[in-house]
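Listed below are the residues making up each chain.
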Amino acid sequence: MASAKEFIERVDAVDGVAGCLLVTSEGGLLGQSVDNPDRYSALMLVCQGPLETVMANSGVDYCSHYSFYAEDGNNFHVFPIGKFIVGVVQQPFSATEVMLGQIQKLVRKVGSH
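Quick caveat: nothing in here was measured; it's all calculated off a predicted structure.

Q: Account for the nonpolar core, with residues named and values stated.
A: For soluble globular proteins, the rule of thumb is that nonpolar side chains tend to be buried together. Among the nonpolar cores identified, the biggest contains 17 residues, and Phe7, Val11, Val17, Phe79, Val86, Val88 and Ile103 are the most heavily contacted of them. By residue number, the principal contributor to this core is helix 3 (residues 96-111), which donates six residues. Excluding anything up to four places from it in sequence, Val88 contacts Val11, Val17, Gly19, Cys20, Asn75, Phe76, His77, Phe79 and Ile103. Judged by nonpolar contacts, the second largest core, of 14 residues, contains Tyr40, Phe76, Ile85 and Val89.

Q: Describe the side chain of Asn75, and please don't skip the residues or the numbers.
A: Mapped onto the elements, Asn75 comes out in the loop between strand 3 (66-68) and strand 4 (76-81). Owing to a relative accessible area of 8%, Asn75 belongs among the buried residues under this scheme. Discounting chain neighbours no more than four positions away, the residues touching Asn75 are Phe68, Tyr69, Ala70, Val88, Val89, Gln90 and Thr96.

Q: How would you explain helix 2 (residues 37-58) if you had to name every residue and give the values?
A: Compared with the 32 Å implied by 1.5 Å per residue over 22 residues, the 31 Å span of helix 2 between its first and last C-alpha is a close match. Along helix 2, the helix axis deviates most sharply at Gln48, where the bend reaches about 30°; the proline Pro50 sits within four residues downstream. Along helix 2, the residues classified as buried are Pro37, Tyr40, Ser41, Met44, Cys47, Gln48, Leu51 and Met55. Where helix 2 is buried, its residues contact strand 1 (17-24), strand 2 (29-32), strand 3, strand 4 and strand 5 (84-90). Trailing helix 2 by a residue or two, Gly59 shows a phi angle of about 80°, which is positive.

Reading the values: rules and limits
- Residues numbered from 1 in each chain as written.
- Predicted model: local features only at pLDDT ≥ 70, side-chain atom pairs only at ≥ 80, totals over all residues.
- Heavy atoms only, no water.
- Core = buried A, V, L, I, M, F, W, Y, C linked by side-chain atoms within 4.5 Å.
- Buried < 20%, exposed > 50% of the residue type's maximum accessible area, 1.4 Å probe, protein only.
- Helix = DSSP H or I, 4+ residues; strand = E, 2+ residues; numbered from the N terminus.
- Contact = heavy atoms within 4.5 Å.
- Expected span 1.5 Å × (residues − 1).
- Bend = angle between axes of the 7 residues up to and from the residue.

Set out below in structure tokens:
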């Protein structure tokens with residue numbers, strides 16, 4: 001498995017990514033390339049519990065990511081990976097589907113190890 005720094009560098013290299021952060025499911029910041037990581041990590045942690053509850057109650061076993069869309073185009077996407085959570089800030093008005101697909105490939109690689 002890549003180190004936290006290497007993983008963040010790989011995510012940052014994806015077209016459309018403005019920055020990202022990697023946290024543990026308990027909230028420990030492992031690395032980041034965004035300004036104000038506390039703001040993003042707090043959002044990620046607040047949403048993680050309810051997401052797990054929704055999945056359990058609806059019979060869904062897996063959620064690849066969830067997204068927050070902003071009027072200014074600085075969308076925020078969250079990818080759960082086992083005991084870790086990756087948050088990605090999108091460059092304004094970049095190609096969302098392509099970016100998410102490339103990040104999902106990276107996440108699957110890490111999740112399979």
